[in-house]
Amino acid sequence: MNKKDIDYTCYLVTDHKDKTNEEILNIIEEALKGGTSIVQIREKTASTKDFYELALKVKEITHKYDVPLLINDRLDIAIAIDADGVHIGQEDMPAQKAREILGEEKIIGVSASTIEEAKKAEADGADYIGTGAVFPTATKDDAPSITKDDLNEITSSISIPTVAIGGITLENAHELKDTGIAGFSVVSAIMSAENPKEASEKLREIFNSQ
């Protein structure tokens, strides 16, 4: 995989809330059928064994659709299943160290909510940043919020792609038009959708109409 060719348009972050592994796997597959272009597994409460086993199953699906699979926070899980990369936050392992461990071929994303954090992530070897919360979100209620102006300033301050995160829905995604982002990162908009395939298709349509 050439990292320069990665499509960040529709970036799904999983959420285990009230769902079985089988339900999660079904949602992911339906989302991929609808054009979800990158998947991140986020498991804050699962045991290492459960996380590992779920990640292996998700990798089978993402591999089938030739879509990158990232692991949130856990480099050990990413290495164990040979995932395509990781996404790390400001309180996690420094991106520079993660790059040393994972090597140049793997994708590293970093959460950044300020220009300073974004520039540091780029300097430390990140391939993209996730920035937000661009809208209020129940998924991560401690996430710092940023304005559309903030988003514009961040995207224009770095040369790596910026993915918008936080509270993005089919109803508000169009508000991020002309901000220079590379894609929408969503949880509930797909994970809680009645039709994850259709939700993915609509998110792509909204993004491509920008």
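Scroll up a little and you will see the structure.
Residues numbered from 1 in each chain as written. Predicted model: local features only at pLDDT ≥ 70, side-chain atom pairs only at ≥ 80, totals over all residues. Heavy atoms only, no water.

Draft legend 1. Examining the nonpolar core more closely. Ile-71, Ile-168, Leu-176, Phe-184 and Ile-190 are the most contacted members of the largest nonpolar core, which has 66 residues in total. Top contributing element to this core by residue count: helix α1 (residues 21–33), with 6 residues. Setting aside anything within four residues of it in sequence, one finds Leu-176 in contact with Val-134, Phe-135, Leu-151, Ala-164, Ile-168, Ile-181, Phe-184 and Gln-210. (Core = buried A, V, L, I, M, F, W, Y, C linked by side-chain atoms within 4.5 Å. Buried < 20%, exposed > 50% of the residue type's maximum accessible area, 1.4 Å probe, protein only. Helix = DSSP H or I, 4+ residues; strand = E, 2+ residues; numbered from the N terminus. Contact = heavy atoms within 4.5 Å.)

Draft legend 2. Spotlight on the pairing of strand β3 (residues 69–72). The two faces of β3 match: Leu-69 and Ile-71 on one face and Leu-70 and Asn-72 on the other face are all buried. The sheet contact formed by strand β2 (residues 38–41) and β3 spans 3 bridges and is parallel. Considered in β3, the bridge of Ile-41 is made with Ile-71. Note that the unit made of β2, helix α2 (residues 48–64) and β3 has a crossover that is right-handed. The handedness of the β3 to strand β4 (residues 85–88) crossover, carried by helix α3 (residues 75–81), is right-handed. (Pairing = 2+ DSSP bridges. Right-handed = clockwise from strand over helix to strand, strands pointing away.)

Draft legend 3. Quick look at the packing of aromatic side chains. Scanning the entire structure with this criterion turns up 3 aromatic pairs. Judged by centre distance (5.4 Å) and plane angle (85°), the ring pair of Phe-184 and Phe-207 falls under edge-to-face. Pair noted here: Phe-184 is in strand β8 (residues 183–186) and Phe-207 is in helix α8 (residues 196–208), with a separation of 23 residues, a long-range link. Since its relative accessible area comes to 1%, Phe-184 is described here as buried. Residue class for Phe-207 comes out buried when judged on its relative accessible area of 15%. Through successive ring pairs, a cluster of aromatic residues spans Tyr-8, Tyr-11 and Tyr-128. (Phe/Tyr/Trp six-rings, centres within 6.5 Å; stacked < 30°, edge-to-face > 60°.)

Draft legend 4. Just the sheet that holds β8, in detail. One closed barrel accounts for 8 strands, arranged β1-β2-β3-β4-β5-β6-β7-β8; its pairing is parallel. Geometrically, the sheet is characterised by an average inter-axis angle of 25° between neighbouring strands, direction not taken into account. Along the sheet face, α2 touches β2 and β3 and points at about 160° away from the line of β3. (Axes fitted to C-alpha atoms, helices over the stretch in contact; angles between N-to-C directions.)

Draft legend 5. Region of interest: unusual backbone geometry. The omega angle of the peptide bond from Gly-132 to Ala-133 is 5°, so this bond is cis rather than trans. With respect to the helices, strands and loops of the structure, Ala-133 is situated in the loop between β6 (128–131) and α6 (148–157). For Asp-66, which is not a glycine, the phi torsion comes out positive at approximately 55°. When you line up the elements, Asp-66 lands in the loop between α2 and β3.

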